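Tertiary structure, described
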Amino acid sequence: MTKEDVKVLIIGSGPAGYTAAIYAARAGLKPVLYTGGQPGGQLTTTNDVENYPGYPDGINGPQMMVDFQKQAERFGTDLRYGLATSVDFSGYPHKVVIDENHEITAEAVIISTGASAKYLGLESEQTFANKGVSACAVCDGFFYKGLPVAVVGAGDTAAEEATYLANLAPKVYMIARRDEMRASKIMQQRVLNTPNIEVLWNTETEEILGDEAGVTGARLVNNKTGEKTEIEVKGFFVAIGHKPNTDIFKGWLDMDETGYLNVKPGTSHTNVEGVFATGDAADRVYRQAVTAAGTGCMGALDAERFLAAKEMEAVTE
């Protein structure tokens, strides 16, 4: 196994990782960034981004991440393709193994590994990805203004997305697998009190229907009676949760029951000195590109201050 020492290691790309790299590089910290398994993160699966400040005409998601990457490299970020496969935070400096064959020892580690939306596992989800199928109503709901849509799920996220979409769409079908919601009481009331939301209880999606232009509907099945029905929708939103990409940090970093990393409120500090968490890996609430970028900035500034304090300690000893 090859070995290398670096000052700042950034694990993961996307808005958080690239922003952390921009700030760290401009501070002269010579960051090394490994892109992870999906360079650019979730935004590379989004066609149009219209709610990120600075792009008045909107921008293609993959192109936006290319812009972020170029800016990070412009200031000297050492960008590499590779996946962090294990870590050892038992001592200091910290050890991170890339692709199981390259060990990096880093004085500061900024985690920007993001999260992945959970999907139903239907082949038609992939067929109509970015053609009507989405995992983010706030990101993509506007494109279906005035059109009927469906939301799959019965938790708080699904309830929030359904009520958000109800302000844009004339009809919102909420597809619930059971005869009750898992959402909080207040969110349930909002859904049930919104006249253009129809909850389809005990219902599962058998197939998403569409043509070359995109989604046209969905074929549903009642899991109690076996009865099949079809609904006409143009947007199909999957809201059954996200899984943070944090498995390699289990046992090292504090996280909640679903895997989101815990940080000290108002900072990017984890429970391990010199390890900082940014972006969707630590954001269970907002999960937007602009908030991810903001925490990427926080991660770099926190790392810079941490390293400066370490240097002061070394001088005074």
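Everything quoted here is computed from the prediction, not taken from an experiment.

Rules used in this analysis
- Residues numbered from 1 in each chain as written.
- Predicted model: local features only at pLDDT ≥ 70, side-chain atom pairs only at ≥ 80, totals over all residues.
- Heavy atoms only, no water.
- Phe/Tyr/Trp six-rings, centres within 6.5 Å; stacked < 30°, edge-to-face > 60°.
- Helix = DSSP H or I, 4+ residues; strand = E, 2+ residues; numbered from the N terminus.
- Lys NZ or Arg CZ within 6 Å of the ring centre and 35° of its normal.
- Buried < 20%, exposed > 50% of the residue type's maximum accessible area, 1.4 Å probe, protein only.
- Polar contact = N/O pair within 3.5 Å; in protein donor to acceptor, adjacent residues only side chain to side chain.
- Contact = heavy atoms within 4.5 Å.
- Pairing = 2+ DSSP bridges.
- Disulfide = S-S within 2.5 Å.
- Axes fitted to C-alpha atoms, helices over the stretch in contact; angles between N-to-C directions.
- Core = buried A, V, L, I, M, F, W, Y, C linked by side-chain atoms within 4.5 Å.
- Salt bridge = Lys/Arg side-chain N within 4 Å of Asp/Glu carboxyl O.

This model, assessed by the stated rule, comprises seven aromatic pairs. Between Phe89 and Trp252, the ring centres sit 6.4 Å apart and the planes meet at 65°, which makes this aromatic pair edge-to-face. Placement of the pair is Phe89 in the loop between strand S6 (84–88) and strand S7 (94–98) and Trp252 in the loop between strand S18 (242–244) and strand S19 (275–277), with a sequence separation of 163 residues. Among the aromatic residues, those joined into a cluster by ring pairs are Tyr52, Tyr55 and Phe68. Positioned above the aromatic ring of Phe75, the side-chain terminus of Arg26 is 5.4 Å from the ring centre.

What follows covers the side chain of His94. Along the chain, the position of His94 falls in strand S7. Residue His94 is classed as buried on the basis of its relative accessible area of 2%. A polar contact is formed between the side chain of His94 and the backbone oxygen of Glu273, at a distance of 2.7 Å. Residue contacts for His94: discarding those within four places in its chain leaves Asp88, Phe89, Ile104, Thr105, Ala106, Glu107, Val109, Val272, Glu273, Gly274 and Val275.

On to the pairing of S6, then. Bridge count for S6 against S7 is four bridges, and the pairing is antiparallel. Paired with Ala84 across the two strands is Ile98, which belongs to S7. Hairpin connection of S6 to S7: five residues between the antiparallel strands.

What makes a disulfide is a covalent bond joining the sulfur atoms belonging to two cysteines. Scanning the model with the defined rule gives one disulfide in all. At a sulfur-sulfur separation of 2.2 Å, the disulfide partner of Cys136 is Cys139. Negative torsions about the S-S bond denote left-handed disulfides, and the value of about 70° found for Cys136 with Cys139 makes this one right-handed. For Cys136, a relative accessible area of 15% corresponds to the buried category. Looking at Cys139, the relative accessible area reads 27%, which means it is partly exposed.

Right, let's get into the sheet that holds strand S16 (residues 228–232). If you walk across this open sheet you meet the three strands as S14-S15-S16, and the pairing is antiparallel. Strands at the two margins of the open sheet, each flanked by one partner only, are strand S14 (203–211) and S16. The average undirected angle you get between the axes of adjacent strands in this sheet is 25°. Bridge count for strand S15 (residues 214–222) against S16 is five bridges, and the pairing is antiparallel. Its bridge partner being in S16, Ala218 is matched across the sheet by Ile231.

Right, let's talk about the sheet that holds strand S17 (residues 235–238) for a bit. Ordered in space as S10-S17-S11-S12-S13, the five strands form an open sheet in which the pairing is parallel. Of all strands in the sheet, those bounded by a partner on one side alone are strand S10 (133–134) and strand S13 (197–200). Those strands touched by helix H5 (residues 156–166) are strand S11 (149–152), strand S12 (172–175), S13 and S17, and its axis lies near 170° from that of S12.

This part covers the pairing of S7. With respect to burial, S7 is a largely interior element, four of its five residues being buried. Of the strand pairs in this sheet, S7 and strand S8 (residues 102–111) are connected by five bridges, and their pairing is antiparallel. If you follow Val97 over to S8, its bridge partner there is Glu103. Taking the residues that link successive antiparallel strands as the turn, the S7-S8 hairpin has three residues, and the phi of Asp99 there is positive, at about 50°.

Of all hydrophobic cores here, the largest spans 27 residues; its most connected members are Val8, Ile10, Tyr18, Tyr52, Met64 and Ile110. Looking at this core, the elements with two or more residues in it are strand S1 (2–11), helix H1 (14–26), helix H2 (61–74), S8 and helix H7 (289–316). It is H7 that contributes the most residues to this core, six residues altogether. Val6, Ala84, Met255 and Ala277 belong to the second largest nonpolar core, which has 23 residues in total.

For the structure on display, the rule yields 13 salt bridges. Two residues, Glu103 and Lys3, come together in a salt bridge whose shortest N-O distance is 3.8 Å. You can see Glu103 sitting in strand S8 and its partner Lys3 sitting in strand S1, a full 100 residues away along the chain. Given the relative accessible area of 14%, Glu103 is considered buried. For Lys3, a relative accessible area of 65% gives the class exposed. Shared partners join several salt bridges into a network, and the residues in it are Glu4, Asp78 and Arg80.

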